[in-house]
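One letter stands for each residue in the lines below.
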Amino acid sequence: QVQLVESGGGLVQPGGFLTLSCAASGTFFRLATMGWYRQAPGEQRELVATITGSGLTNYADSVKGRFTISRDNAKNTVYLRMNSLKPEDTAVYYCNQDRPWSRENYWGRGTQVTVSS
């Protein structure tokens with residue numbers, strides 16, 4: 001069983017920055033694809049960014065050039081650096097781990113990010 005614990009959310013002004021962290025328990029972290037998703041009130045959950053075990057990244061068009069996903073396999077942790085934040089980035093941000101070899105998929109409980117002046 002894998003547990004994912006997000007941290008780093010909060011209130012920030014437009015144009016500001018935040019870094020989210022997600023600590024994962026369990027084995028084979030280095031092989032798993034890690035991702036960040038977000039869900040705004042009244043909206044569906046959407047992809048923000050993913051990073052494979054080999055370091056390949058993918059971003060939603062809305063965050064390209066502003067957000068950076070990274071991972072530290074020694075710490076079983078994935079990060080999301082968010083720059084130039086906009087009010088439309090306000091959402092609950094969820095960490096995800098995908099294990100294609102076992103078809104397992106796990107979610108964290110989420111961390112709130114609010115961008116407002």
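What you see is a predicted model, and the numbers here were worked out from it, not measured in a lab.

Rules behind the numbers
Residues numbered from 1 in each chain as written. Predicted model: local features only at pLDDT ≥ 70, side-chain atom pairs only at ≥ 80, totals over all residues. Heavy atoms only, no water. Pairing = 2+ DSSP bridges. Helix = DSSP H or I, 4+ residues; strand = E, 2+ residues; numbered from the N terminus. Phe/Tyr/Trp six-rings, centres within 6.5 Å; stacked < 30°, edge-to-face > 60°. Buried < 20%, exposed > 50% of the residue type's maximum accessible area, 1.4 Å probe, protein only. Disulfide = S-S within 2.5 Å.

1. A word on the pairing of strand β4 (residues 33-39)
Pairing of β4 with strand β9 (residues 91-99) involves seven bridges; the strand directions are antiparallel. What sits directly across from G35, in β9, is N96. As defined by bridge partners, β4 adjoins strand β5 (residues 46-51) across five bridges and the pair is classed as antiparallel. If you follow W36 over to β5, its bridge partner there is A49. Between the antiparallel neighbours β4 and β5 lie six residues, among them G42 with a positive phi of about 75°.

2. Side note on the packing of aromatic side chains
For the structure shown, the criterion picks out two aromatic pairs. Ring centres of F28 and W101 lie 6.3 Å apart, and the angle between their planes is 80°; this geometry places the pair in the edge-to-face category. Taken together, the positions of F28 in the loop between β3 (18-24) and β4 and W101 in the loop between β9 and β10 (104-107) put the pair 73 residues apart, joining distant regions of the chain. Overall, the relative accessible area of 44% leaves W101 in the partly exposed class. With a centroid separation of 5.0 Å and an interplanar angle of 70°, the aromatic rings of Y37 and W107 are classed as edge-to-face.

3. Some remarks on the state of the cysteines
Following the criterion strictly, the structure yields one disulfide and no others. Across the disulfide from C22 sits C95; the S-S distance is 2.1 Å. Across the disulfide from C22 to C95, rotation about the S-S bond amounts to roughly -85°, and the bridge is consequently left-handed. Of this pair, C22 sits in strand β3 while C95 sits in strand β9, and the two are 73 residues apart along the sequence.

4. Describing unusual backbone geometry
Even without being a glycine, S84 presents a positive backbone phi close to 50°. As for its placement among the helices and strands, S84 is situated in the loop between β8 (77-82) and β9. Residue classification places S84 among the partly exposed residues on the basis of a relative accessible area of 40%.

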